[in-house]
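Summary of structural features
Residue strings, one per chain:
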Amino acid sequence: MNTRIPAFLGTLALLAVSCNANPPSSQASSPEATPSVEQTESNPTAETSEAATSVAARSGTFVAGEKETEGSASIMTENGQAYLVLDDTFKTADGPDVFVLLHKEMTPESYSESDYVNLGMMEKTSGMQRYTIPAGTNVDDFQSAVIWCRQFNATFGYASLESANSNQ
């Protein structure tokens, strides 16, 4: 009887391993690559996979404010969730208490809480990064993405957001 239990457990372990040995191709290994199963399996080209991952609604290029700020910002929607994405050329200065905002003004001049939605503290001063836009936020109400130092009320830089369709 003691020999049957280890044999049974060995068989169970083998089944568990074999079931997970070849996960479906739709499972992504990183948060940046989360393609939709239907779109990528029907046409598995690289362009289609990128397009299926997210759709840009609005974008703009950063303009320096009180600090040199470069790169682009885009509002993207992925699986029904909106994000503000700073591209891999994004770069700004370091500072205390620096936040990423969506602002109602094209060129932000005031920072009353009714004028912006705070997406959180800036993660890093350069490179690609993504900030979740809170559910229920109407992104059409906001005209710019802003890098803002709350402590000194300083606009490091901003990107006026234009519709993706306006470039065509």
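Each remark here, short or long, concerns the structure printed above.
Counting of residues starts from 1 at the beginning of each chain's written sequence and follows it residue by residue. pLDDT decides what is reported in this predicted model: residues at 70 or higher carry local features, side-chain atom pairs at 80 or more are listed and counted, and totals for whole chains, interfaces and linings draw on all residues regardless. Each side-chain value is worked out from all heavy atoms of the structure, with water and hydrogens disregarded.

**As for the nonpolar core**
Counted only if it meets this: What makes a nonpolar core is a set of buried Ala, Val, Leu, Ile, Met, Phe, Trp, Tyr and Cys residues whose side-chain atoms join them at distances within 4.5 Å. Per-residue accessibility, obtained with a 1.4 Å probe over protein chains only, is compared with the maximum for each type, and a residue is labelled buried under 20%, exposed over 50%, and partly exposed between these values. Counting from the N terminus, the helices are the DSSP runs of H or I reaching at least four residues and the strands are the DSSP runs of E reaching at least two. Residue contacts are defined here by distance: any two heavy atoms, one from each residue, within 4.5 Å place the two residues in contact.
Ranked by size, the top nonpolar core spans 24 residues in total, and within it Ala-73, Leu-84, Leu-86, Leu-102, Leu-119 and Ile-147 carry the most contacts. Within the residue set of this core, elements represented by two or more residues are strand 2 (72-78), strand 3 (81-86), strand 4 (98-103), strand 5 (116-121), strand 7 (144-149) and strand 8 (154-160). If sequence neighbours within four positions are ignored, Leu-102 has contacts with Ile-75, Leu-84, Asp-115, Tyr-116, Val-117, Leu-119, Ile-133, Phe-142, Ser-144, Ala-145 and Leu-161.

**Focus on the environment of Asp-87**
Our working rule: Here a polar contact means two N or O atoms within 3.5 Å. Within protein one must be a hydrogen donor candidate and the other an acceptor candidate, and residues neighboring in sequence count only if both atoms are side-chain atoms.
Within the secondary structure, Asp-87 is located in the loop between strand 3 and strand 4. When the C-alpha atoms of Asp-87 and Arg-130 are compared, they prove to be 8.7 Å apart, with 43 residues separating the residues in sequence. Each residue touching Asp-87, except ones within four places of it in the same chain, is listed here: Gly-71, Ser-72, Gly-127 and Met-128. Polar side-chain contacts of Asp-87 include one of 2.9 Å to the side chain of Thr-89.

**Thoughts on the pairing of strand 3**
We apply this condition: Two strands pair under a simple rule: DSSP has to find at least two bridges between them.
For strand 3, the buried fraction is high: 5 of the 6 residues fall into the buried class. The sheet contact formed by strand 2 and strand 3 spans 6 bridges and is antiparallel. What sits directly across from Met-76, in strand 3, is Tyr-83. The hairpin formed by strand 2 and strand 3 contains 2 residues between the paired strands, and Asn-79 there has a positive phi angle of roughly 50 degrees. Pairing geometry for strand 3 and strand 6 (residues 129-132), over 4 bridges, is antiparallel. Bridge pairing in strand 6 links Leu-84 to Tyr-131.

This is a description of form; function is not addressed.
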